[in-house]
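So you can see what is in the structure, the chains are spelled out below.
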Amino acid sequence: MVYVALVVGVLAGVGSLWLRRDSPSSRWWEHTRGIVDERFAFATLPGLSLLLLGVGVVALAGLVGQGFLVWLVAACGGLLALAGLALTFLGFGRGALPDWLLPSWRRHGGR
């Protein structure tokens, strides 16, 4: 399960980075009525990616060895997981997204 979380986290991260690019192929979702909207593309998907990566890193911390390095890797994974959880909750919430979450082409190009 740890490897599944890491793989899905990396794939979701690549997908969310691709959606942030300013290209016609990455804007396919703007004119469709599907699951992908602004909240999903810029908050929920990156949040889930960070959450899964953080959980995977925390789980792999036991394989690092013993001592200080285990705690350092686990702390980094925990911070990733907490940031992902916060972004995911922000994506599932209501209201407008903060401007710092939106890419520059989305802020200046209008919604």
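You'll find the structure just up there.
Residues numbered from 1 in each chain as written. Predicted model: local features only at pLDDT ≥ 70, side-chain atom pairs only at ≥ 80, totals over all residues. Heavy atoms only, no water.

## Things to note about the packing of helix α2 (residues 38-60) against helix α3 (residues 68-92)
Line of reasoning, step 1. Between α2 and α3, the shortest axis-to-axis distance is 7 Å and the interhelical angle comes to 155°. As the angle between them shows, α2 and α3 are arranged roughly antiparallel. The two elements α2 and α3 cross, and the hand of that crossing is left-handed.
Line of reasoning, step 2. Along the lines of polarity and charge, the residues of the contact of α2 with α3 split into 17 nonpolar, 8 polar and 1 charged. (Axes fitted to C-alpha atoms, helices over the stretch in contact; angles between N-to-C directions. Helix = DSSP H or I, 4+ residues; strand = E, 2+ residues; numbered from the N terminus. Parallel < 35°, antiparallel > 145°, perpendicular 65-115°, else oblique. Left-handed = near helix turned anticlockwise from the far one by under 90°. Nonpolar A, V, L, I, M, F, W, Y, C, P; charged D, E, K, R; others polar.)

## With respect to helix α1 (residues 2-20)
Line of reasoning, step 1. For α1, with 19 residues, the first-to-last C-alpha span of 27 Å sits near the 27 Å given by 1.5 Å per residue.
Line of reasoning, step 2. If you check which residues of α1 are buried, you get Ala5, Leu6, Gly9, Ala12, Gly13, Ser16 and Leu19. The buried residues of α1 all sit within an arc of 155° when viewed along its axis, so they share a single face. Turned more than 90 degrees from where α1 packs its buried face, Tyr3, Leu11 and Val14 sit exposed. (Expected span 1.5 Å × (residues − 1). Buried < 20%, exposed > 50% of the residue type's maximum accessible area, 1.4 Å probe, protein only. Arc of directions from axis to C-beta.)

## Notes on α2
Line of reasoning, step 1. Taking 1.5 Å as the rise per residue, α2 with 23 residues should run 33 Å; its terminal C-alpha atoms sit 33 Å apart, in good agreement.
Line of reasoning, step 2. Taking the largest bend as the criterion, α2 deviates by roughly 30°, centred on Thr44, and proline Pro46 comes between one and four positions later.
Line of reasoning, step 3. Three or more residues of α2 are buried, namely Glu38, Arg39, Ala41, Phe42, Ala43, Thr44, Leu45, Pro46, Gly47, Ser49, Gly54 and Gly56. (Bend = angle between axes of the 7 residues up to and from the residue.)

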